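Descriptive analysis of the structure
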Amino acid sequence: MSSEDRHGSSASEACAYRKRARMTEAEKQRWTEENREAFKAYDELVDKYGLFGDGKRLF
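Residues numbered from 1 in each chain as written. Predicted model: local features only at pLDDT ≥ 70, side-chain atom pairs only at ≥ 80, totals over all residues. Heavy atoms only, no water.

1. Description of the overall build of the protein
- Looking only at helices and strands, the protein features four helices and zero strands.
- For the protein, the N- to C-terminal ordering of α and β elements is α-α-α-α.
- The buried share among the 59 residues of the protein stands at 2%.
- If you sum the accessible surface of the protein, you get close to 6000 Å²; carbon and sulfur atoms cover 55% of it. (Helix = DSSP H or I, 4+ residues; strand = E, 2+ residues; numbered from the N terminus. Buried < 20%, exposed > 50% of the residue type's maximum accessible area, 1.4 Å probe, protein only. Areas by Shrake-Rupley, 256 points an atom, 1.4 Å probe, with all protein chains shown as cover.)

Pasting the structure below:
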């Protein structure tokens, strides 16, 4: 039994998957812009309430 048969995918399929999984720089910029409001809201919550465990960490 070949390695390809045992694992169910070939190296070329794995490479194709990785290529699809990577975001282009333009996609990253678009995603960041689309989520800018959520980032701001999260930052405001952290400023107001702090992070979970802030009183517990030792550093």
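2. Some points on the pattern of salt bridges
- A complete count under the given rule lists three salt bridges for this structure.
- A salt bridge links Glu34 to Arg30; the shortest N-O distance between them is 3.8 Å. Residue Glu34 and its partner Arg30 are located together in helix H3 (residues 25–34), separated by four residues, close to a single helical turn.
- Under the relative-accessibility criterion, Arg30 is labelled partly exposed at 48%.
- The shortest N-O distance in the salt bridge between Glu44 and Lys40 comes to 3.9 Å. Remark: Lys40 and Glu44 occur in helix H4 (residues 36–49); sequence separation between them is four residues, near one turn of the helix.
- The class of Lys40 is exposed, set by a relative accessible area of 53%. (Salt bridge = Lys/Arg side-chain N within 4 Å of Asp/Glu carboxyl O.)

3. Regarding the side chain of Ser10
- Relative to the elements of secondary structure, Ser10 occurs in the loop between helix H1 (3–7) and helix H2 (11–21).
- A residue is classified by how much of its surface remains accessible, and Ser10, at 15% relative accessible area, is buried.
- Separated by 3.0 Å, the side chains of Ser10 and Ser12 make a polar contact. (Polar contact = N/O pair within 3.5 Å; in protein donor to acceptor, adjacent residues only side chain to side chain.)

None of the figures reported here should be taken as evidence of function without further support.
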